[in-house]
Amino acid sequence: MDLFAERCAGIDIGKADLKACIRTPGPRGGRRSETRTFATTTAGVLALQGWLTDRQVRLVGMESTGVYPDLLPT
């Protein structure tokens, strides 16, 4: 049995910005993709939240790479 999410998003987080792509049902039964870039500021993240909410996206996959020295034990 194949399972899929009707509305989902993927987010790639970078230092200066984040890129998000959503997949939603298309107007004629297909799939629609939309990609946007947001700042990594509070205002940018809130704009991302609004965009996802407006399109009724409830499932998000996130990717981020980097070193987080404040989280490493000393």
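So, here's what we can say about the structure.

Conventions used here
Residues numbered from 1 in each chain as written. Predicted model: local features only at pLDDT ≥ 70, side-chain atom pairs only at ≥ 80, totals over all residues. Heavy atoms only, no water. Core = buried A, V, L, I, M, F, W, Y, C linked by side-chain atoms within 4.5 Å. Buried < 20%, exposed > 50% of the residue type's maximum accessible area, 1.4 Å probe, protein only. Helix = DSSP H or I, 4+ residues; strand = E, 2+ residues; numbered from the N terminus. Contact = heavy atoms within 4.5 Å. Phe/Tyr/Trp six-rings, centres within 6.5 Å; stacked < 30°, edge-to-face > 60°. Pairing = 2+ DSSP bridges. Axes fitted to C-alpha atoms, helices over the stretch in contact; angles between N-to-C directions.

Moving on to the nonpolar core. If you look at the biggest cluster of nonpolar residues, it comprises 10 residues: Ala9, Ile11, Leu18, Ala20, Ile22, Phe38, Leu48, Trp51, Leu52 and Val57. Taken together, the elements giving at least two residues each to this core come down to strand E1 (8–13), strand E2 (17–25) and helix H1 (42–54). When sequence neighbours within four positions are dropped, the list of residues in contact with Leu18 reads Ile11, Asp12, Ile13, Arg36, Thr37, Phe38, Ala39, Thr40, Val45 and Leu48.

Moving on: unusual backbone geometry. For residues besides glycine, phi is generally negative; the peptide bonds are generally trans as well. Despite not being glycine, Gln56 has its phi angle at roughly 60°, a positive value. By relative accessible area, Gln56 is classed as exposed at 55%.

In the structure shown here, the tally under the stated rule is 1 aromatic pair. When the ring of Phe38 is compared with that of Trp51, the centres are 5.6 Å apart and the planes differ by 50°; the resulting orientation is tilted. Residue Phe38 is found in strand E3 (residues 31–39), and its partner Trp51 is found in helix H1; the two are separated by 13 residues along the sequence. Under the relative-accessibility criterion, Trp51 is labelled buried at 2%.

A sheet is described by the order of its strands in space; here 4 strands give the open sequence E3-E2-E1-E4, paired in mixed fashion. Sheet topology places E3 and strand E4 (59–64) at the edges, where each strand pairs with a single neighbour. Strand-to-strand twist of the sheet, defined as the mean angle between neighbouring strand axes without regard to direction, takes the value 15°. With 6 bridges connecting them, E1 and E4 associate as parallel partners. If you follow Cys8 over to E4, its bridge partner there is Leu59. In the packing of H1 onto the sheet, contacts are made with E1, E2, E3 and E4, and the angle to E3 comes to roughly 165°.

All right, on to the pairing of E1 then. Bridging between E1 and E2 involves 6 bridges; their strand directions are antiparallel. Bridging from a neighbouring strand, Gly10 pairs with Cys21 of E2. The antiparallel pairing of E1 with E2 creates a hairpin that spans 3 residues between the two strands.

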